[in-house]
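Chain and residue survey
Now for the letters of each chain:
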Amino acid sequence: MPETTESPVELVRAIVAAHRGERGVLLPILHDIQNRFGYIDPDLVPALAHELNMSRADVHGVITFYTDFRSEPGGAATVRICRAEACQSVGAEKLVADAEQVFGVKAGQTTPDGSVTLQQVFCLGNCALGPAAQVNGRMYGRVDRGRLIELLANEGDA
Ligand code: FES
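Residues numbered from 1 in each chain as written. Predicted model: local features only at pLDDT ≥ 70, side-chain atom pairs only at ≥ 80, totals over all residues. Heavy atoms only, no water.

Some remarks on the domain arrangement of the chain
Heads up, the condition is: Either an automatic procedure or a domain database provided the assignment from which the domain bounds are taken.
Each assigned domain of the chain is listed here: domain 1 (8-65) and domain 2 (77-157). Here domain 1 and domain 2 have C-alpha centroids that lie 28 Å from each other.

Below is the structure:
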């Protein structure tokens with residue numbers, strides 16, 4: 001993250017200003033904020049709501065509705081495992097359970113050492129190659145416990 005003298009609230013105002021006049025700006029703004037900070041700090045919600053003339057509850061509701069957004073810093077690696085129907089039929093539930101055991105956290109949590117955030121998602125668009133998973137945005141198919149461990153080890157080498 002590049003150094004800047006702007007405060008987080010000033011940066012949020014600048015991001016909102018960059019989208020001024022567009023329709024349906026909340027989602028792109030939230031993506032921009034998360035890309036900038038790695039997560040959407042709940043402390044930024046009041047400024048965001050004020051800038052967009054929305055209620056805090058509405059902004060918070062959108063952030064919590066979409067699994068893409070997170071309200072706390074993520075781990076060094078993000079593992080997203082598909083739990084939708086096609087992947088379920090070929091072992092996604094077991095993969096999620098294995099991942100929770102391997103990392104020692106539940107889906108939606110980050111390991112205490114900050115190395116991995118584990119997330120469950122509902123369809124990654126890789127349905128023919130389930131169980132599907134994404135590691136730091138890269139898509140993988142036919143993932144099992146052993147492959148998941150291998151993928152994480154390779155991420156550490158990258
Ligand atoms: S159902 Fe898993 S990628 Fe679509």
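Remarks on the nonpolar core
Short version of the rule: Here, the term nonpolar core denotes a set of buried Ala, Val, Leu, Ile, Met, Phe, Trp, Tyr and Cys residues that are joined through side-chain atoms within 4.5 Å. Only protein chains enter the calculation, and the probe is 1.4 Å; a residue is then buried if its accessible area is under 20% of its type maximum, exposed if over 50%, and partly exposed in between. Strands here are runs of E lasting at least two residues and helices are runs of H or I lasting at least four, both read from the DSSP assignment and numbered beginning at the N terminus. Only heavy atoms matter for contacts: two residues are in contact if any of them lie within 4.5 Å across the pair.
Ranked by size, the top nonpolar core spans 19 residues in total, and within it Ile29, Leu30, Ile33, Leu48, Leu52 and Ile63 carry the most contacts. For this core, the secondary structure elements donating two or more residues are α1 (8-18), α2 (26-37), α3 (45-52) and α4 (56-65). With five residues, the top contributor of residues to this core is α2. If we ignore the near neighbours within four places in the chain, the residues touching leucine 30 are Ile40, Leu48, Val62, Ile63 and Phe69. In this structure, Ile81, Val105, Val116 and Val135 belong to the second largest nonpolar core, which totals 17 residues.

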